[in-house]
Amino acid sequence: MKDTFAALRVHRTDGKNQAKLENLTNDDLPPGNVLVGIHYSTINYKDALAVTGKAPIIREYPRIAGIDLSGEVLESEDERFKPGQQVASLVNGLGETRDGGYAERTRINADNIQLLPNNMSTRTAMGLGTAGVTAALAIYRMEQNGQHPGLGPILVTGATGGVGSIAIDLLSNRGYETVALSGKPEQSPFLKSLGASSVIDRKELELESRPLGRASWGGAIDNLGGDILSWLTRTTRPRGNIASIGLAASTDLQTTVLPFILRGVTLIGISLEAHINLLEAMWEQLANDMAPSNLDTIITQEVTLQEVHKCFDAYIDGAVTGRTLVKIR
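What counts as what
- Residues numbered from 1 in each chain as written.
- Predicted model: local features only at pLDDT ≥ 70, side-chain atom pairs only at ≥ 80, totals over all residues.
- Heavy atoms only, no water.
- Salt bridge = Lys/Arg side-chain N within 4 Å of Asp/Glu carboxyl O.
- Helix = DSSP H or I, 4+ residues; strand = E, 2+ residues; numbered from the N terminus.
- Buried < 20%, exposed > 50% of the residue type's maximum accessible area, 1.4 Å probe, protein only.
- Pairing = 2+ DSSP bridges.
- Contact = heavy atoms within 4.5 Å.
- Polar contact = N/O pair within 3.5 Å; in protein donor to acceptor, adjacent residues only side chain to side chain.
- Axes fitted to C-alpha atoms, helices over the stretch in contact; angles between N-to-C directions.

Thoughts on the pattern of salt bridges
Okay, so step 1: Scanning the model with the defined rule gives 8 salt bridges in all.
Okay, so step 2: Where Asp99 meets Arg63, a salt bridge forms, and the shortest distance between an N and an O atom there is 3.0 Å. Placement of the pair is Asp99 in the loop between strand E6 (86-89) and strand E7 (105-108) and Arg63 in strand E4 (residues 63-64), with a sequence separation of 36 residues.
Okay, so step 3: According to the relative accessible area criterion, Asp99 is buried, its value standing at 7%.
Okay, so step 4: Note on Arg63: relative accessible area 8%, which makes it buried.
Okay, so step 5: With a closest N to O distance of 3.9 Å, Asp296 and Arg123 form a salt bridge. Separated by 173 residues along the polypeptide, Asp296 in helix H8 (residues 295-298) and Arg123 in helix H2 (residues 122-144) bring together distant segments of the chain.
Okay, so step 6: We classify Asp296 as exposed; its relative accessible area is 63%.
Okay, so step 7: When its relative accessible area of 28% is taken as the criterion, Arg123 is described as partly exposed.
Okay, so step 8: A single salt-bridge network, built from bridges that share partners, covers Asp78, Arg80 and Asp111.

A look at the pairing of strand E1 (residues 4-13)
Okay, so step 1: The pairing of E1 with strand E2 (residues 16-25) spans 10 bridges and is classified as antiparallel. Within the sheet, the bridge partner assigned to Phe5 lies in E2 and is Leu24.
Okay, so step 2: Here E1 folds back onto E2 in antiparallel fashion, the turn holding 2 residues, of which Asp14 has a positive phi close to 55°.
Okay, so step 3: Bridge count for E1 against E4 is 2 bridges, and the pairing is antiparallel. Bridge pairing in E4 links Val10 to Arg63.

What to know about the side chain of Asn44
Okay, so step 1: You can see Asn44 is positioned in the loop between strand E3 (34-43) and helix H1 (45-52).
Okay, so step 2: By relative accessible area, which is 10% here, Asn44 ends up buried.
Okay, so step 3: Those residues in contact with Asn44 that lie beyond four places of it in its chain are Ile67, Asp68, Thr130, Ala131, Tyr315 and Arg323.

Things to note about the side chain of Asn17
Okay, so step 1: With respect to the helices and strands, Asn17 occurs in strand E2.
Okay, so step 2: Residue Asn17 is classed as buried on the basis of its relative accessible area, which comes to 17%.
Okay, so step 3: Side-chain polar atoms of Asn17 contact the side chain of Arg12, separated by 2.5 Å.
Okay, so step 4: Within polar-contact distance, the side chain of Asn17 engages the backbone oxygen of Ala50 at 3.0 Å.

Let's talk about the sheet that holds E4
Okay, so step 1: As summarised here, the arrangement of the 3 strands in space is E2-E1-E4, forming an open sheet in which the pairing is antiparallel. Each edge of the open sheet carries a strand with a single partner, namely E2 and E4.

Side note on the sheet that holds strand E12 (residues 217-222)
Okay, so step 1: Pairing is parallel in the open sheet, where 6 strands are placed in the order E11-E10-E9-E12-E13-E14. Both edges of this open sheet fall to strand E11 (198-201) and strand E14 (266-269), since each of them pairs with a single strand only. Adjacent strand axes in the sheet meet at a mean angle of 20°, parallel and antiparallel pairs treated alike.
Okay, so step 2: Of the strands in this sheet, strand E9 (154-157), strand E10 (178-182) and E12 touch helix H3 (residues 162-173), which is tilted by about 160° from E9.

Right under this line is the structure:
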């Protein structure tokens, strides 16, 4: 093992963030009982906010960024993990309150690592990452609550993003009619290649304002919040489920109790941190019954650790489609 390793560390000086590629040693690593050699990470919108400082994601500087990672166990003080095993980690403040995945190695507490299924590579794991596991968790919880294709089409908002694009793939594989809502109508061929039956241009959407609108959707996976989520509560069919995942548009929600007490609509909050006990099951699902069909299409960009610092502004500008994979080594 080399004495030093490369890491993208974020510093804050005079109120501004600056990301620097640095050479560190094991003495710089956070506490933990498993040493992991990182193979891949990925870029989420949250990573872009953290690195650029557009939102107070990072709590203490300097910090190695990257909220996702996959790799190989190098050393372990926990009997659950052995050197050579392939693992992933998505939770417990990676890239926020503790050093994250944009590094060649890290230490993590064993409670915050999951063994990858034998038939899933570390590359596939990060092609999915937080976005893919979140999409899988949304579908799992919707189906736990009675969602099935017979209830009608599922609307996926923020459809060209990581969660949205993977959700379309997973839903269509499970027999759902899936409709994509996007502010990038030029990406309709991409979305239809993933399984969307049709694409709605968000700019042309007329939002129903009555407490109960025309019941159009069997359910929804929403990455936006705000007016779109409010509209979804009013236009989802009886017994339909809405999985609330993101806040790309707004944190606000304006609705009434009528969709819930008259149509039996369910609004489900999706949080990996709140469902850590389900992460291993989600990885197994994504390797088997819920495996995506179009992950190579969804991964629209692959960059190295040395290149990743150039990618974040495009996320802030909303100019990214699909997933960006970060190859660490």
